[in-house]
Amino acid sequence: MTRRGGIKVTQADAEEAIRTLIRWAGDDPDREGLRGTPDRVARAYREFFKGYSIDPVDILKRTFEETDGYDEMIVLRDIRFESHCEHHMAPIIGRAHIAYLPRHRVVGISKLARLLDVYAKRLQIQEKMTAQIANTLNDVLQPRGVAVVIDASHQCMTTRGVHKPGTSMVTSRMLGAFRTDPSTRREFLAIIGLPASTIGSSS
């Protein structure tokens, strides 16, 4: 059982909603091939949206200060993710690049990937997710700068609507030195393989 907005939602509630959608689509949820579908879809949705049950701040709480004074850029690039858009509940599939300039402490690199997943495993728009990742990393670690770039394909426009396969959207969030220092921003963009002209200081 999960609680959303103060309302208790059970597995049975979810399965009945899925049966209703199957009937609305024009099929019979009781026919042999669809009998187990409501349960399977409900379990899949629990996995798709597991980010709601995790506090992103908790992920970054364990840090390391024994770095021998390391203060150069830390970049985790090409992190694949799957999310779902909040407008059509269609998949968003892409890659994220996350960087920061440590001040006094660093975090395990797997935590950066987990932070991405926490926000990706929610109903999202890409712009908000980009800002959430950067803002959380900045607030918790308080580094000298944070940069997040996300490049993703949205199936709400590739498989429906305007039907434009092969397109992707790029969003970015630059904070601290990545925003104020052009050379730092250029170094980050070079590391992730983007030309410096791709993303300006207003990102």
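The notes below deal with the structure included here. Each chain carries its own residue numbering, running from 1 in the written order of its sequence. Since the coordinates come from a predicted model, pLDDT governs what is reported: local features require at least 70, and pairs of side-chain atoms require 80 or more to be given and counted, while whole-chain, interface and lining totals use all residues. As a rule here, side-chain values cover all heavy atoms of the structure and leave hydrogens and water aside.

**Structural notes on helix 5 (residues 126-141)**
This is how the line gets drawn: In this text, helices come from DSSP runs of H or I with a minimum length of four residues, and strands from runs of E with a minimum of two, each type numbered from the N-terminal end. Here, expected helix span is obtained from the residue count minus one, scaled by 1.5 Å. Any residue under 20% of the maximum accessible area for its type is buried, any over 50% is exposed, and the rest in between are partly exposed; the area is computed with a 1.4 Å probe on protein chains only. The directions from the helix axis to the C-beta atoms form the arc being described.
In this model, helix 5 (16 residues) spans 23 Å end to end at C-alpha, consistent with the 22 Å of a helix rising 1.5 Å per residue. Here helix 5 has its buried residues at Gln126, Met129, Thr130, Ile133, Ala134, Thr136, Leu137, Val140 and Leu141. All buried residues of helix 5 project into a common sector of 160° when viewed along the axis, lining one side.

**Quick look at the nonpolar core**
The cut-off we apply is this: Residues belong to one nonpolar core when they are buried, are Ala, Val, Leu, Ile, Met, Phe, Trp, Tyr or Cys, and are joined through side-chain atoms within 4.5 Å.
If you look at the biggest cluster of nonpolar residues, it comprises 32 residues, and the most contacted ones within it are Phe81, Ile98, Tyr100, Ile133, Leu137 and Ile150. Core analysis: the next-biggest nonpolar cluster, separate from the first, contains twelve residues, Met73, Ala99, Phe178 and Ile192 among them.

**Focus: the pattern of salt bridges**
Spelled out, the test is: By definition here, a salt bridge exists when the distance from a side-chain nitrogen of Lys or Arg to a carboxyl oxygen of Asp or Glu is within 4 Å.
Throughout the structure, instances matching the rule amount to eight salt bridges. Measuring nitrogen to oxygen at the nearest pair gives 3.7 Å for the salt bridge that ties glutamate 82 to lysine 121. Here the residue glutamate 82 occupies a position in strand 4 (residues 74-85), and lysine 121 occupies one in the loop between helix 4 (109-120) and strand 7 (123-124), the gap between them amounting to 39 residues. Owing to a relative accessible area of 33%, glutamate 82 belongs among the partly exposed residues under this scheme. The partner of lysine 128 in a salt bridge is glutamate 86, and the shortest N-O contact between them spans 3.4 Å. With lysine 128 in helix 5 and glutamate 86 in the loop between strand 4 and strand 5 (91-101), this pair connects stretches of sequence that are 42 residues apart.

**Quick look at unusual backbone geometry**
The phi torsion at aspartate 78 lies on the positive side, around 55°, for a residue other than glycine. With respect to the element layout, aspartate 78 can be found in strand 4. For aspartate 78, a relative accessible area of 41% puts it in the partly exposed group. Residue histidine 163 is not a glycine yet carries a positive backbone phi of 50°. Residue histidine 163 is classed as partly exposed on the basis of its relative accessible area, which comes to 47%.

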